[in-house]
Amino acid sequence: MAHILVVYATSEGQTRKVADRVASRVRAAGHDVTLVDARAAAATELGTFDAAVLAASLHVRKHQPEIVEFVRKQRARLERVPTAFISVSLSASSSEQHDLANARAAVDEMFDVVDWDASLVHLAAGAVHDRRMNFLKRWMIHRILREKGVEMDPSGDMEFTDWQALDVFVDTFLERCRQSAGAVA
Ligand SMILES: Cc1cc2nc3c(=O)[nH]c(=O)nc-3n(C[C@H](O)[C@H](O)[C@H](O)COP(=O)(O)O)c2cc1C
(Lines give C-alpha, C1' and ligand atoms only; values in the text may rest on other atoms or scores of the structure.)
Protein backbone atom coordinates (compact mmCIF):
# COMPACT_ATOMS: atom_id res chain seq x y z
CA MET A 1 0.00 0.00 0.00
CA ALA A 2 1.30 3.45 -0.89
CA HIS A 3 0.39 6.99 0.09
CA ILE A 4 -0.70 9.04 -2.92
CA LEU A 5 -1.19 12.80 -2.81
CA VAL A 6 -3.94 14.28 -5.00
CA VAL A 7 -3.89 18.08 -5.27
CA TYR A 8 -6.36 20.07 -7.37
CA ALA A 9 -7.19 23.63 -8.33
CA THR A 10 -10.64 24.50 -9.62
CA SER A 11 -12.62 27.61 -10.54
CA GLU A 12 -16.10 26.20 -11.25
CA GLY A 13 -15.84 22.82 -9.53
CA GLN A 14 -15.26 20.28 -12.33
CA THR A 15 -11.62 19.62 -11.43
CA ARG A 16 -12.69 18.88 -7.84
CA LYS A 17 -15.02 16.24 -9.27
CA VAL A 18 -12.15 14.89 -11.39
CA ALA A 19 -9.84 14.81 -8.34
CA ASP A 20 -12.56 13.03 -6.29
CA ARG A 21 -12.81 10.37 -8.99
CA VAL A 22 -9.02 9.95 -9.07
CA ALA A 23 -8.94 9.63 -5.27
CA SER A 24 -11.74 7.00 -5.28
CA ARG A 25 -9.99 4.97 -7.98
CA VAL A 26 -6.65 5.07 -6.14
CA ARG A 27 -8.32 4.06 -2.85
CA ALA A 28 -10.17 1.23 -4.61
CA ALA A 29 -6.75 -0.04 -5.75
CA GLY A 30 -5.81 -0.33 -2.06
CA HIS A 31 -3.76 2.82 -1.48
CA ASP A 32 -4.00 5.70 0.99
CA VAL A 33 -4.95 9.08 -0.46
CA THR A 34 -4.56 12.63 0.80
CA LEU A 35 -6.85 14.87 -1.26
CA VAL A 36 -6.04 18.59 -1.02
CA ASP A 37 -7.41 21.77 -2.56
CA ALA A 38 -4.31 23.68 -3.73
CA ARG A 39 -5.68 26.82 -2.01
CA ALA A 40 -5.40 25.04 1.35
CA ALA A 41 -2.15 23.17 0.61
CA ALA A 42 0.11 25.64 2.43
CA ALA A 43 -1.86 25.11 5.65
CA THR A 44 -2.11 21.32 5.25
CA GLU A 45 0.35 18.76 6.61
CA LEU A 46 1.02 16.70 3.49
CA GLY A 47 3.18 14.07 5.17
CA THR A 48 5.41 11.86 3.06
CA PHE A 49 3.98 10.60 -0.19
CA ASP A 50 5.03 7.92 -2.70
CA ALA A 51 3.40 9.50 -5.77
CA ALA A 52 1.36 12.59 -6.60
CA VAL A 53 -1.47 13.49 -8.97
CA LEU A 54 -1.99 17.19 -9.68
CA ALA A 55 -5.06 18.53 -11.49
CA ALA A 56 -6.04 22.02 -12.63
CA SER A 57 -8.29 23.61 -15.24
CA LEU A 58 -7.69 26.03 -18.09
CA HIS A 59 -9.04 29.57 -18.00
CA VAL A 60 -7.96 31.87 -20.80
CA ARG A 61 -5.18 29.41 -21.68
CA LYS A 62 -3.71 29.30 -18.15
CA HIS A 63 -3.95 26.89 -15.23
CA GLN A 64 -4.81 28.31 -11.79
CA PRO A 65 -1.99 30.23 -10.06
CA GLU A 66 -2.57 28.09 -6.92
CA ILE A 67 -1.32 24.96 -8.70
CA VAL A 68 1.68 26.88 -10.06
CA GLU A 69 2.42 28.04 -6.53
CA PHE A 70 2.01 24.52 -5.17
CA VAL A 71 4.49 23.06 -7.69
CA ARG A 72 6.98 25.85 -6.98
CA LYS A 73 6.85 25.19 -3.24
CA GLN A 74 6.90 21.38 -3.46
CA ARG A 75 9.05 20.90 -6.57
CA ALA A 76 11.93 19.19 -4.77
CA ARG A 77 9.56 16.60 -3.25
CA LEU A 78 7.60 16.15 -6.49
CA GLU A 79 10.80 15.43 -8.39
CA ARG A 80 11.54 12.44 -6.15
CA VAL A 81 8.32 10.51 -6.91
CA PRO A 82 6.21 9.50 -9.94
CA THR A 83 3.78 12.31 -10.79
CA ALA A 84 0.75 12.82 -13.02
CA PHE A 85 -0.76 16.08 -14.21
CA ILE A 86 -4.40 16.30 -15.32
CA SER A 87 -5.40 19.39 -17.29
CA VAL A 88 -9.17 19.97 -17.45
CA SER A 89 -10.45 22.12 -20.31
CA LEU A 90 -13.00 22.51 -23.06
CA SER A 91 -10.25 22.17 -25.67
CA ALA A 92 -9.75 18.59 -24.49
CA SER A 93 -13.36 17.80 -25.49
CA SER A 94 -12.66 18.76 -29.10
CA SER A 95 -12.02 16.33 -31.93
CA GLU A 96 -9.90 19.00 -33.68
CA GLN A 97 -6.14 18.37 -33.51
CA HIS A 98 -5.32 22.05 -33.06
CA ASP A 99 -7.57 22.30 -29.97
CA LEU A 100 -5.84 19.32 -28.39
CA ALA A 101 -2.46 20.80 -29.35
CA ASN A 102 -3.46 24.08 -27.66
CA ALA A 103 -4.46 22.24 -24.49
CA ARG A 104 -1.14 20.38 -24.46
CA ALA A 105 0.75 23.63 -25.18
CA ALA A 106 -0.83 25.22 -22.10
CA VAL A 107 0.44 22.30 -20.01
CA ASP A 108 3.95 22.59 -21.46
CA GLU A 109 3.90 26.34 -20.85
CA MET A 110 3.07 25.76 -17.20
CA PHE A 111 5.82 23.14 -16.90
CA ASP A 112 8.27 25.67 -18.38
CA VAL A 113 7.17 28.36 -15.92
CA VAL A 114 7.67 26.12 -12.88
CA ASP A 115 10.67 24.26 -14.31
CA TRP A 116 9.08 20.89 -13.60
CA ASP A 117 7.63 18.06 -15.64
CA ALA A 118 5.09 15.37 -14.67
CA SER A 119 5.82 11.73 -15.50
CA LEU A 120 2.40 11.39 -17.18
CA VAL A 121 -0.10 13.95 -18.53
CA HIS A 122 -3.82 13.57 -19.20
CA LEU A 123 -6.02 16.10 -21.00
CA ALA A 124 -9.52 15.76 -19.54
CA ALA A 125 -12.59 17.35 -21.08
CA GLY A 126 -14.32 19.68 -18.62
CA ALA A 127 -17.84 20.97 -18.11
CA VAL A 128 -19.96 24.09 -18.28
CA HIS A 129 -22.33 24.96 -15.43
CA ASP A 130 -24.04 28.29 -16.08
CA ARG A 131 -25.07 28.83 -12.46
CA ARG A 132 -21.43 28.66 -11.28
CA MET A 133 -20.34 31.58 -13.47
CA ASN A 134 -20.96 35.29 -13.54
CA PHE A 135 -22.41 36.96 -16.61
CA LEU A 136 -19.04 37.71 -18.24
CA LYS A 137 -17.69 34.17 -17.84
CA ARG A 138 -20.98 32.74 -19.14
CA TRP A 139 -20.79 34.98 -22.17
CA MET A 140 -17.19 33.93 -22.85
CA ILE A 141 -17.81 30.24 -22.51
CA HIS A 142 -20.99 30.28 -24.61
CA ARG A 143 -19.04 32.09 -27.31
CA ILE A 144 -16.30 29.42 -27.23
CA LEU A 145 -18.96 26.70 -27.45
CA ARG A 146 -20.70 28.41 -30.38
CA GLU A 147 -17.36 28.69 -32.21
CA LYS A 148 -17.12 24.91 -31.89
CA GLY A 149 -20.67 24.51 -33.21
CA VAL A 150 -22.07 23.53 -29.79
CA GLU A 151 -25.29 25.13 -28.51
CA MET A 152 -25.54 25.39 -24.72
CA ASP A 153 -28.04 22.94 -23.27
CA PRO A 154 -31.16 24.74 -21.97
CA SER A 155 -30.59 23.08 -18.56
CA GLY A 156 -27.46 25.25 -18.19
CA ASP A 157 -25.31 22.18 -17.49
CA MET A 158 -23.09 20.35 -19.95
CA GLU A 159 -20.48 17.79 -18.91
CA PHE A 160 -17.96 16.54 -21.44
CA THR A 161 -15.64 14.61 -19.10
CA ASP A 162 -14.85 11.07 -20.25
CA TRP A 163 -14.81 9.26 -16.89
CA GLN A 164 -13.74 5.94 -18.38
CA ALA A 165 -10.72 7.54 -20.05
CA LEU A 166 -9.83 9.11 -16.69
CA ASP A 167 -10.05 5.71 -14.95
CA VAL A 168 -7.77 4.18 -17.59
CA PHE A 169 -5.29 7.02 -17.06
CA VAL A 170 -5.28 6.48 -13.28
CA ASP A 171 -4.74 2.72 -13.74
CA THR A 172 -1.86 3.41 -16.16
CA PHE A 173 -0.31 5.80 -13.65
CA LEU A 174 -0.61 3.28 -10.80
CA GLU A 175 1.03 0.65 -12.99
CA ARG A 176 3.85 3.09 -13.80
CA CYS A 177 4.26 3.74 -10.06
CA ARG A 178 4.43 0.01 -9.36
CA GLN A 179 7.18 -0.40 -11.91
CA SER A 180 9.25 2.59 -10.82
CA ALA A 181 11.74 1.59 -8.17
CA GLY A 182 9.13 -0.14 -6.02
CA ALA A 183 7.61 3.25 -5.16
CA VAL A 184 4.18 1.64 -5.00
CA ALA A 185 4.28 -1.89 -3.70
C1 LIG B 1 -13.82 32.30 -18.14
C2 LIG B 1 -13.47 30.96 -18.70
C3 LIG B 1 -12.36 30.84 -19.53
C4 LIG B 1 -12.02 29.58 -20.06
N5 LIG B 1 -10.93 29.48 -20.87
C6 LIG B 1 -10.62 28.28 -21.45
C7 LIG B 1 -9.50 28.16 -22.33
O8 LIG B 1 -8.73 29.10 -22.55
N9 LIG B 1 -9.30 26.96 -22.92
C10 LIG B 1 -10.10 25.88 -22.69
O11 LIG B 1 -9.88 24.85 -23.28
N12 LIG B 1 -11.14 25.95 -21.83
C13 LIG B 1 -11.42 27.12 -21.21
N14 LIG B 1 -12.47 27.22 -20.33
C15 LIG B 1 -13.25 26.00 -20.01
C16 LIG B 1 -12.84 25.41 -18.65
O17 LIG B 1 -11.53 24.92 -18.69
C18 LIG B 1 -13.83 24.27 -18.33
O19 LIG B 1 -15.11 24.82 -18.14
C20 LIG B 1 -13.42 23.47 -17.10
O21 LIG B 1 -14.34 22.41 -16.93
C22 LIG B 1 -13.37 24.32 -15.85
O23 LIG B 1 -12.91 23.52 -14.79
P24 LIG B 1 -13.18 23.93 -13.27
O25 LIG B 1 -14.65 23.86 -13.07
O26 LIG B 1 -12.45 22.92 -12.48
O27 LIG B 1 -12.60 25.28 -13.09
C28 LIG B 1 -12.81 28.43 -19.77
C29 LIG B 1 -13.91 28.57 -18.91
C30 LIG B 1 -14.24 29.81 -18.37
C31 LIG B 1 -15.42 29.91 -17.46
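**Student:** Lay out the site of the ligand in plain terms, naming residues and giving numbers.
**Tutor:** Around the ligand, a shell composed of 23 residues is seen, among which Glu12, Thr15, Ser57, Ser89 and Gly126 lie nearest. Taken together, the residues of the shell around the ligand break down into 10 nonpolar, 10 polar and three charged. When we break the shell around the ligand down by domain, the ones giving at least three residues each are domain 1 (3-126 + 161-179) and domain 2 (129-158).

**Student:** Any chance you could break down the pairing of strand S3 (residues 51-59) for me, citing the residues and the numbers?
**Tutor:** Looking along a regular strand, one sees the side chains alternate between the two faces of the sheet. Within S3, eight of the nine residues are buried, leaving the element largely enclosed by the surrounding structure. Pairing between S3 and strand S5 (residues 83-89): six bridges, direction parallel. By the bridge assignment, serine 57 is partnered in S5 with valine 88. Relative to strand S4 (residues 62-63), S3 runs antiparallel, the two sharing two bridges. If you follow histidine 59 over to S4, its bridge partner there is lysine 62. A loop of two residues connects S3 with S4, the two strands running antiparallel in sequence, and valine 60 in this loop sits at a positive phi of about 50°.

Each value, and the rule that gives it
For every chain, the first residue of the written sequence is number 1, and numbering continues from 1 onward in sequence order. In keeping with the model being predicted, local features are shown solely for residues with a pLDDT of at least 70 and side-chain atom pairs are shown and tallied solely at 80 or more, while totals for entire chains, interfaces and linings include all residues. Contact assignment follows one rule, namely that a residue is near a molecule or strand if its backbone-placed C-beta atom lies within 6 Å of it. All amino acids are sorted into three groups, where Ala, Val, Leu, Ile, Met, Phe, Trp, Tyr, Cys and Pro are nonpolar, Asp, Glu, Lys and Arg are charged, and the leftover types, Gly among them, are polar. Segment limits for the domains were obtained from an automatic or database-derived domain assignment. Once C-beta atoms are placed from the backbone, each residue is buried if 20 or more other C-beta atoms lie within 10 Å of its own, exposed if 12 or fewer, and partly exposed for counts between those two. Helix and strand assignments come from DSSP, with helices taken as H or I runs of at least 4 residues and strands as E runs of at least 2, each series counted from the N terminus. Only strands joined by at least two bridges in the DSSP assignment are considered to pair.

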